[in-house]
Amino acid sequence: MSEIYFERAADIGTLYLEHIFYEFEGEPILFTCTDDVKNTYLCLCSDIRYEQKWIVVQCGILQLKALIEEETDIASVFLSAKKAAVISMDLQGKECSYMTDINCVDRLDLPEEGISVRREKIRHEMYSSCLTDISYSAEKSGNTRNEFQISSENEIKYCNFSQSSVC
């Protein structure tokens with residue numbers, strides 16, 4: 001398992017750092033994490049001034065591949081989710097999080113539409129290749145839950161997200 005990045009994300013649990021698309025001064029800005037059951041989440045650090053703040057949405061392998069291959073933009077992946085975890089950490093390192101409807105997330109916290117993942121394309125294509133391998137393995141084993149995040153099981157999971165905070 002990768003390093004723990006978020007310990008208690010609301011309605012998700014522990015998230016493990018998987019792949020970094022962009023970083024700033026050693027801090028991941030746009031990256032993916034996985035949970036204990038290998039669901040994938042796209043994470044965006046939207047503020048680093050007085051506290052750190054992240055927007056986290058569950059996404060599928062096909063969405064990530066489309067992002068890497070520049071078939072979709074970053075904002076579209078976030079806006080296609082129904083719910084988002086908003087996670088913040090104060091200067092003392094205290095982490096708090098809550099789930100909210102994606103439409104309640106301030107649009108200024110997300111990239112403008114049309115911005116795609118371009119930098120270090122070769123490294124991202126290697127990650128995309130790994131996603132293809134995972135996707136193929138899931139299809140072969142009959143477990144497509146991780147590939148298609150729009151399955152009825154995940155829709156039910158989204159519907160059960162609460163508005164509670166975890167601190």
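Quick caveat, the model's predicted, so the values are computed rather than measured.

(A) Local environment of the overall build of the chain. Along the backbone of the chain there are four helices and eight strands. Expressed as a percentage of the 167 residues in the chain, the buried residues total 47%. Across the chain, every contact between residues at least 6 apart in sequence was considered, and the portion connecting residues at least 24 apart equals 55%. Summed over all atoms, the accessible surface of the chain reaches about 8,900 Å², with 52% contributed by carbon and sulfur.

(B) Quick peek at the pattern of salt bridges. Applying the stated criterion across every chain, the model contains four salt bridges. Between R49 and D47 there is a salt bridge, and its shortest N-O distance comes to 3.0 Å. Accessibility expressed as a relative area gives 63% for R49, which makes it exposed. A residue is classified by how much of its surface remains accessible, and D47, at 18% relative accessible area, is buried. Between E69 and K65 there is a salt bridge, with its nearest N and O atoms 3.6 Å apart.

(C) Here's a closer look at the nonpolar core. With 40 residues, the main nonpolar core has F6, L30, F31, L42, V56 and F78 as its most contacted residues. Among the elements of the structure, β1 (4-9), β2 (13-24), β3 (27-34), β4 (40-47), β5 (52-59), α1 (61-68), α2 (74-79) and β6 (83-89) are those that each provide at least two residues to this core. Beyond its immediate stretch of four places on either side in the chain, V56 contacts F6, L15, Y41, L42, C43, A84, A85 and I87.

(D) Broad picture of the pairing of β6. Among the seven residues of β6, six are classified as buried, and the element is accordingly described as predominantly covered. Summarising the sheet, β5 and β6 pair through five bridges and their orientation is antiparallel. Paired with W54 across the strands is I87, a residue of β6. Bridge count between β6 and strand β7 (residues 95-101): seven bridges; the pairing is antiparallel. Paired with K83 across the two strands is D101, which belongs to β7. Counting the residues that bridge the hairpin from β6 to β7 gives five residues, and of these G93 lies at a positive phi of roughly 90 degrees.

(E) Structural view of the packing of aromatic side chains. In total, this model carries five aromatic pairs according to the counting rule given. A centroid spacing of 4.9 Å and a plane angle of 85 degrees characterise the contact between Y5 and F6, whose relative ring orientation is edge-to-face. Y5 sits in the buried class, given a relative accessible area of 17%. A ring pair is formed by Y5 and W54, whose centres lie 6.2 Å apart and whose planes are at 90 degrees; its orientation type is edge-to-face. Of this pair, Y5 sits in strand β1 while W54 sits in strand β5, placing them 49 residues apart in sequence. Counting every residue linked through ring pairs, the aromatic cluster contains Y5, F6, F31 and W54.

Conventions and cut-offs
Residues numbered from 1 in each chain as written. Predicted model: local features only at pLDDT ≥ 70, side-chain atom pairs only at ≥ 80, totals over all residues. Heavy atoms only, no water. Helix = DSSP H or I, 4+ residues; strand = E, 2+ residues; numbered from the N terminus. Buried < 20%, exposed > 50% of the residue type's maximum accessible area, 1.4 Å probe, protein only. Contact = heavy atoms within 4.5 Å. Areas by Shrake-Rupley, 256 points an atom, 1.4 Å probe, with all protein chains shown as cover. Salt bridge = Lys/Arg side-chain N within 4 Å of Asp/Glu carboxyl O. Core = buried A, V, L, I, M, F, W, Y, C linked by side-chain atoms within 4.5 Å. Pairing = 2+ DSSP bridges. Phe/Tyr/Trp six-rings, centres within 6.5 Å; stacked < 30°, edge-to-face > 60°.

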